[in-house]
Structure formats: structure tokens, C-alpha cells
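As a plain string of letters, each chain reads:
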Protein chains: 2
Amino acid sequence: MPRVVKASGTLEKFDEEKLRRSLTGAGASAELAEKVVEHVSSRVYDGISTDELHGITLEALWRLRPRVAASYNLRRALMMLGPSGYPFEKYYASLLRAYGYRVETDVLLDGRCARHEVDVVAEKGERRLMVECKYHSRPGTKVDLQVALYVYARFLDLREYFTEAWLVTNTKFSEEAIRYARCVGLSLRGWKYPEKEGLERMIESKGLYPVTVIPSLDGEARVRLLKANIVLLRELIALKPEDVSAITGLPIERAARILDEARRIA
Amino acid sequence: MPRVVKASGTLEKFDEEKLRRSLTGAGASAELAEKVVEHVSSRVYDGISTDELHGITLEALWRLRPRVAASYNLRRALMMLGPSGYPFEKYYASLLRAYGYRVETDVLLDGRCARHEVDVVAEKGERRLMVECKYHSRPGTKVDLQVALYVYARFLDLREYFTEAWLVTNTKFSEEAIRYARCVGLSLRGWKYPEKEGLERMIESKGLYPVTVIPSLDGEARVRLLKANIVLLRELIALKPEDVSAITGLPIERAARILDEARRIA
């Protein structure tokens, strides 16, 4: 039985059933999942890394069903919304917009005792949200109590402007942060948190994928696209190959291929 | 006119008057300051680093007046209370003890909404202080607003235990942190902050130097001594050369020399 080397360096038996579950969890039919599992099983070898395993699975899925591949790749795609925290902020602001909020990013506000930069200010009806975004480029990095504490203190200082405070991350929260946030009334949203109302649900139900789900969009081209504030797949699709080429510095054929891949998901 | 290369890489003319002021500021008489300035001026060269300049000055002072040398070296000595933040916490707790407080370090407390680790809990009469220590190993690193915010939120959560909250650092505070702290009633103490009531005054007026003021205590020996919780000069002086040798791993002759230097200050 081949073993998989995890990012932490520990070994784990390759588990077909686990792979099957993660595929159906991303929206694959039983039949599609079976095809992919068969393909991956034939290529897996003892000592394969989780990264390579993910790559093989994604490649197979991508050929068969790009939309499911996007879902399957979503967690990693969110971790590629870097290197700074700004693309994630902008992405989350776009999600809120899709949910009917009026949204502004990077707003300077004078509180009772200090001036604060608020990542996202969102309004809908009577609700006025102060949103703090915490982007992490690695899995396993949790938002801890200290962050929850300072976000809540900032909210107290800006109380006159807002009706609620949100702390949003692409990863998870520590248990102590969750306990504290619940107790003071700070809302949290992260990957699969809260259960069934996590970031992944917000994204899936509106089909608002980040550009980083596209497998062939990598390295410098990815960073340049994000710097040009193209973070949503639908923003990318609205462009012409020449625009994408100009922004990313890629030859026009590669830019056209990226656009083509983007359209297959959307 | 020789120029000095600062840590930031910028050049600055060597300024005798500035050196003279820093020496008298550390308690040197006009006569002593003059002697040291003469000695340093004869050895300074174009392109000397501030570190080397400090070293030459300290060496001269040390020969003439160890007690003044300790004062002159105090700011750097506080930055050597590392590598973790713990020696600085322990040092500050000792200072508070010298000022008549009952003191405990690293206290776990259950607040209204979360469990917190408090660096130092200090009591005197009706006063109960929650003290958060921020140690920095480099000059120029300021405690910023974010830290002041989370310390204040922690204080709110632990309100039933304390009458006041203190944020203490061996360096400085950002202006925004100062403004916020004043406004919410969080007390700050750092290097020369508040003016004339800063950390350096607390130390000088009780003569409570950290062991790191001793010029020849460096590298691994310094770290081992701090790990063994010997942070005050007076704690060191209470030891025998054999103890110092056992703790630091230094040969007994070097241990005896360090003790001898320590006694000359105290």
C-alpha cells in the first residue's frame, strides 16, 4: 500500500475512500469520482507528496469537469491570494457585494481614541459591518485569541460607526478565539467555519471563484494579475487576451489559454 | 571630520558635543566626560560604526568608572535580555518588587470570555496591576496600536481581577499607541517614556541593573545565565564563582572575572 508524505513530514497510507469523499464533497458525481480515483490510484507511488497527489487529481478532474476542479482546488486557491493580504481583502469585499452589500475597502476612520484602517466596510439596510480580513498563505495557520482581542477593541473604539464586527480568514480559528468571539459577540467566518456557512459555501453558492483556481495561472503572472486588482474569475473573463497579456507579461497565446480555462469553469 | 555609519546605513558626522551630553546624561562628571571624549576622539576614524564607537566609549568609561559605564550601557543591556521575552518579564517583575509590589509572573486567569496568560500580576495596597511586557531586541522597534488594543481588550475581559493595566517595553511606543492608551486609561512605560518616569529612571533610582550591563558577559554565557533566571546584577553578585561557572559553562577564572566586574558596578 503506497504511503503519502504530508507537508508536516509524517507518513499516511494512501486512502482511496478519503479521496473519493473529497471529490464528491467538491460536487463530483459518484461516476466522475470513481473515474478520477481510478486514474489517481494508477499513478500514486510510495512516498508521493500531498502536493503531487493534489496535482494529479486536479489535472484529471480538470480534463473531465473544470467546474468541479475549481471547487476541489478552492482551499488552495484561496491560499494563493497573496503575497500581501490585500487580494484576499478585495476578494472578500467582492463576495459581500455579490450578497447585496455596499462595500468599501481600506477605510480610515477616527474612533473615540484612535484612527483605524478598516479592511472592509459593508452596509446593507440597517446593518453596518466592520470587517477585518486575515489572510494566511499556509494551511494550519489559525487566527488566534490575540487577533480576536484587538479586532474587538477596535470595534469598541469605532462603535458609533458600526452595528457589528466580523473577523474573516481563509484558514481557521483557534478554539480560544472562537470561545472569546462568541462571548463578546464578534462574528467569525473562515474555511468551513461556521459549519455549513463557511467561506467555501459563500463562494460556491454564488459561483464566485478567485482567479487562482485556474491551474495554469502561476508564479509572476498570478501576482501581477492580483496586483492589477483582478481577483474574481468573472473579472478575468471580461478581459481580452491582449489585456491579460499586457497585465501579466505573458505571450498572447498563453494569455488566451488562461482565458479559455477560465471560461470553462464559469 | 570623521563620519559615523549608523545601524540604518546612513552617515553622520562624529559629534563630540553629542557624546559629551550622552556621558553626562549617564551620570559622568564634566571632568570624566572630558577624559572619555578625548580618548574616543583620538581613536575614532572615518567610517566607524555606531557599535564600535559605543564599544570604545564603554571600554574607556569602564576603566574609569564602572557605575557610570553601567548607566551608559543600560539601553543596550535591556536589548540583550533575550532571546525570548521571558528575561525581560522577569526583570520587570523584579523592578516592581523593589518598588514594594507583591509580584507573580505568567499567571493564567479565566476572564469573562477567555483564558489569558498575564505576564506580570503586581499588587500593592488596593492596587492590582495587569502588566503586559513587550521585549524588543532591536532599537527603533516600537510597540504599536495593535498591541495596545489587544492589551486593553484583555484588561476588559479580566476586569474583575485588576484595578489598572500596564503595557511595558524596553523600547518606545508609536504615537497612535500613546494617544489610544491615554484615552482608554491604559498606562505605558518604556525607554524614556513617560518623560522622567521611564524605565531608565526606575532602574537608576534603585540601582537595579540587569546582568547584561557587564561588558564581558556575552554570547552563550549570557543566554545561560538568563535561562537560569539570574537577571539582576544583585542576584549574580550573591553567587560564588563555582556557581557562575556551573551555570554558564565558563572556566572558573572567567566566571570570577565576571563576578568581579559585577561587584565594581554595585
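Analysis parameters
Residues numbered from 1 in each chain as written. Chains lettered and ligands numbered in written order. Predicted model: local features only at pLDDT ≥ 70, side-chain atom pairs only at ≥ 80, totals over all residues. Heavy atoms only, no water. Axes fitted to C-alpha atoms, helices over the stretch in contact; angles between N-to-C directions. Helix = DSSP H or I, 4+ residues; strand = E, 2+ residues; numbered from the N terminus. Parallel < 35°, antiparallel > 145°, perpendicular 65-115°, else oblique. Contact = heavy atoms within 4.5 Å. Nonpolar A, V, L, I, M, F, W, Y, C, P; charged D, E, K, R; others polar. Least-squares fit on C-alpha atoms with pLDDT ≥ 70 in both. Pairing = 2+ DSSP bridges. Disulfide = S-S within 2.5 Å. Domains from an automatic or database assignment. Buried area = accessible area lost by both parts, 1.4 Å probe. Buried < 20%, exposed > 50% of the residue type's maximum accessible area, 1.4 Å probe, protein only.

Looking now at the packing of helix 7 (residues 145-157) of chain A against helix 7 (residues 145-157) of chain B. Relative orientation of the contacting elements helix 7 of chain A and helix 7 of chain B amounts to 90°, with a least axis distance of 7 Å. Taken as axis vectors, helix 7 of chain A and helix 7 of chain B run roughly perpendicular relative to one another. Contacts between helix 7 of chain A and helix 7 of chain B pair Q146, L149, Y150, A153, R154 and L156 of chain A from the former with Q146, L149, Y150, A153, R154 and L156 of chain B from the latter. Among the residues making up the contact of helix 7 of chain A with helix 7 of chain B, the classes are represented as eight nonpolar, two polar and two charged.

Superposing chain A onto chain B takes a rotation of 180° combined with a translation of 0.0 Å along the rotation axis, leaving an RMSD of 0.0 Å. Here the copies are linked by what is in effect a two-fold axis. Among all C-alpha atoms of chain A, that of Y150 of chain A lies closest to the rotation axis, at 2.0 Å. Comparing interface residues between copies, 100% of those in chain A also sit at the interface in chain B, which points to an isologous, same-surface contact.

Residues and elements named next belong to chain A. Spatially, 4-5-6-8-10 is the arrangement adopted by the five strands of the open sheet, whose pairing is mixed. Unpaired on one side and paired on the other, strand 4 (102-110) and strand 10 (187-189) mark the two borders of the sheet. Strand-to-strand, the axes of this sheet are offset by a mean angle of 35°, without reference to chain direction. Where strand 6 (residues 127-134) lies against strand 8 (residues 164-169), six bridges are found, and the strand directions are parallel.

Overall, the coordinates contain two disulfides over all chains when judged by the stated rule. Residue pairing for C113 of chain A: its cysteine sulfur links by disulfide to C183 of chain B, the two sulfurs lying 1.9 Å apart. Across the disulfide from C113 of chain A to C183 of chain B, rotation about the S-S bond amounts to roughly -60°, and the bridge is consequently left-handed. With C113 of chain A in the loop between strand 4 and strand 5 (115-124) and C183 of chain B in helix 8 (residues 175-184), this residue pair bridges two chains.

Another aspect to go through is the domain arrangement of chain A. Residues and elements named next belong to chain A. Domain boundaries assigned for chain A yield domain 1 (3-72), domain 2 (86-206) and domain 3 (210-265). Taking the mean C-alpha position of each, domain 1 and domain 3 sit 25 Å from one another. Counting residues at the interface gives five residues for domain 1 and five residues for domain 3. Each partner contributes to the roughly 550 Å² buried at the junction of domain 1 and domain 3, and carbon and sulfur atoms together form 75% of this total.

Before going further, it helps to spend a moment on helix 8 of chain B. Taken as a whole, helix 8 of chain B has its buried residues at A177, I178, Y180, A181 and V184 of chain B. The inward-facing, buried residues of helix 8 of chain B abut helix 7 of chain A together with strand 7 (142-143), helix 7, strand 9 (172-173) and strand 10 (187-189) of chain B.

Structurally, R154 of chain B is set in helix 7. Overall, R154 of chain B belongs to the buried group, its relative accessible area being 8%. Not counting residues up to four positions away in its chain, the partners in contact with R154 of chain B are L149 of chain A together with H116, E117, M130 and E132 of chain B.

Residue and element names in this part refer to chain A. Here strand 5 runs beside strand 6; their pairing, made up of five bridges, is antiparallel. In the sheet register, A122 faces strand 6, and the bridge partner there is L129. The antiparallel pairing of strand 5 with strand 6 creates a hairpin that spans two residues between the two strands, and G125 there sits at a positive phi of about 55°.

Residues and elements named next belong to chain B. Spatially, three strands are ordered 2-1-3 in an open sheet, and the strand pairing comes out mixed. Strands at the two margins of the open sheet, each flanked by one partner only, are strand 2 (11-13) and strand 3 (48-49). Here strand 1 (residues 3-5) pairs with strand 3 via two bridges, running parallel. Bridge pairing in strand 3 places V4 opposite I48.

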